[in-house]
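# Fold and contact review
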Amino acid sequence: MEDLSKFLLSTCRHLRMPSFERWVIDSKLEEMAKRQRIQEQNEVRASFDSLARPKEDGWRRRMKRKRHQVDSSLEKHLTSSGLRPQVHYDPVMPSMADVEDDASKRLILEIEHVSRTKGDGLDANAICKELCEQSCHAAKRLQNLEHRLGSVSASHYYTKGNGRIHLEVERKGKDPKIKLTNGAEAGNSSTTFFSLVFSRKPRTDGKKVKPFVIKINSLHYEKLRQMFHSIHNRIDSSHALHVPSPMTLGSNRLGYSSATHIFHHLVFCLELRYASLAGGQQLHDLRGGGMQGAIHSQVFDCISKYDDNSGPQDIIECFASPFNVYNSSYFSLFHRDLDWHFGSCGDFFSVPIDFFRTGGVNEANPPFSPGLMQRMIQRMEEYLEYADSMKDDEMQSNLTFVIVVPTCHSAQNTDKNIVQEFAWKSYQAMTKSRYLSKYFVLKSREHGYIEGSQHLRPTRFKESHYDTSIIILQSRAARGLEEKSPKFTSRGFEDDLRLAFASRHQLELNERRHVDSEQGDDINTDISVVRHASASRNEVNHRKKKSKKKTKDP
């Protein structure tokens, strides 16, 4: 993924990492749709070939027509990529990317727009085609690597002490440490970071290979440890896995328990997976990850304040990750193989239609990608339609979605942003939905978010440079309650939510400057004490030498 993002951003110098992130996310969604059609095709062929006895001619014609429709729908997606659909599914790498996909078409238009604005004269179609081909070939290489390495049972691997990751503790400061004359070290404000060091096997010629290191701050390490325990260290667990405190582990991995090895490997894979989704450069220079930002915890407190039936932890986050989640119930992208170890409930697009039958309040802060937001509103309306279909008044579902998305403008806007133009369709579908109860806009620089790469940074908050819309969709039963006693549609909720969204970026910077100045005063004090002590010693030595001279003088 790092090679792909570097290719795109080096070829199109005026593009930024979010452009690549949008292309990856939307390409994977379209790939899921393609694979669904492939599955339908295989089912049709299987049912057609498994006929034990002749059927009527009309039935055969219908089956043949359905198979032809599936074949034609796949043909336009698979011809220009040059790959057959048998390529195995990779969680991140687009393995069926095509220039005819909507995600690629949007990227082409974005490159053309930037090229016209900056006068670069780039061939957008050729760049996007090369990007798709590189992505497909990379997916093939990953598939071949998986076949070559094979798989091994986790219990068999870890119980033999084969874990090759050990933990190191370090403190990162803003400024370099000052070495004092007494041997002590003083530094400015610092944050504790943990390094997960993966020891690679030596080369065939016996030379050692430099280990691969991934860093995570102490707050998120402890957060992931607690989430891991909530799944694997419960009372009802047949094989409880307990990970001790990181400060008691040490750097000798041979003394780690099997649970510690498992946890470290999961965190290691988790960071690589989400960094790959952000373009693969996040671990090196913190580039990317803007699509994985989160809202303040005060926002959840505000939402729960106006929901009589739940607390902040009862609100389901529809789009989250183990790094940025605040509540215990959340949906995430990699639930199938990684995120479930940290409490993920599943994928928002894959949960059954009756999942929200009991109602409740749900928060959706999706990655700001046009294709994903369009599919999100379609899926939400399906959930709300199912909630309204319950006939019994006692069983009617009071379902509410609080959506946080960028404010978009139509193509007629003179000061238009091409990315907002792409997202206009989904934004209009939300604001014009028949389930809409209310929406309002938070002005840019008057609100903020939490960084998507918060687990890699000493700071957390950032200020939003774009307008954000809060959109509330509700089922018929929930809207009926709002008419009787307004809560989410009240003016008080809007005012409280604006206050909860207020940017904390400047406040965080001021606090860090205050801590830095206090520690700087302590450093200056230590240095002055050392200098005073040194001067006193010099004065004493000078007096001794002077007295010795007097005694020697006849």
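Predicted, not measured: the structure shown is a model, and the values here were computed from it.

### Brief notes about the packing of helix 11 (residues 370–388) against helix 12 (residues 418–431)
Look at helix 11 against helix 12: their axes get within 8 Å of each other, and the N-to-C directions meet at 20°. As summarised for this structure, helix 11 and helix 12 are arranged roughly parallel, according to the angle between their axes. Along this stretch, helix 11 crosses helix 12, giving a crossing that reads as left-handed. Residues Pro-370, Met-373, Gln-374, Met-376, Ile-377 and Glu-381 of helix 11 touch helix 12, and the partners they reach there are Phe-422, Ala-423, Lys-425, Ser-426, Ala-429 and Met-430. Within the contact of helix 11 with helix 12, the residues separate by chemical class into eight nonpolar, two polar and two charged.

### Some remarks on the environment of Gln-454
Along the chain, Gln-454 turns up in the loop between strand 10 (448–450) and strand 11 (461–463). With a relative accessible area of 5%, Gln-454 lands in the buried category. Each C-alpha atom of the pair Gln-454 and Ala-294 lies 9.4 Å from the other, and the pair is 160 residues apart in sequence. In terms of polar contacts, Gln-454 uses its side chain to reach the side chain of His-220, at 3.1 Å.

### With respect to the sheet that holds strand 6 (residues 316–317)
An order of 6-7-8-12-9 is seen for the five strands of this open sheet, with the pairing classed as mixed. The open sheet is flanked by strand 6 and strand 9 (436–442), the only strands paired with a single partner. Sheet analysis places strand 6 next to strand 7 (residues 360–364), joined by two bridges and oriented parallel. Bridged to Glu-317 within strand 7 is Glu-363. Here helix 12 sits on the sheet in contact with strand 8 (399–406), strand 9 and strand 12 (468–474), set at roughly 45° to strand 12.

What counts and how
Residues numbered from 1 in each chain as written. Predicted model: local features only at pLDDT ≥ 70, side-chain atom pairs only at ≥ 80, totals over all residues. Heavy atoms only, no water. Axes fitted to C-alpha atoms, helices over the stretch in contact; angles between N-to-C directions. Helix = DSSP H or I, 4+ residues; strand = E, 2+ residues; numbered from the N terminus. Parallel < 35°, antiparallel > 145°, perpendicular 65-115°, else oblique. Left-handed = near helix turned anticlockwise from the far one by under 90°. Contact = heavy atoms within 4.5 Å. Nonpolar A, V, L, I, M, F, W, Y, C, P; charged D, E, K, R; others polar. Buried < 20%, exposed > 50% of the residue type's maximum accessible area, 1.4 Å probe, protein only. Polar contact = N/O pair within 3.5 Å; in protein donor to acceptor, adjacent residues only side chain to side chain. Pairing = 2+ DSSP bridges.

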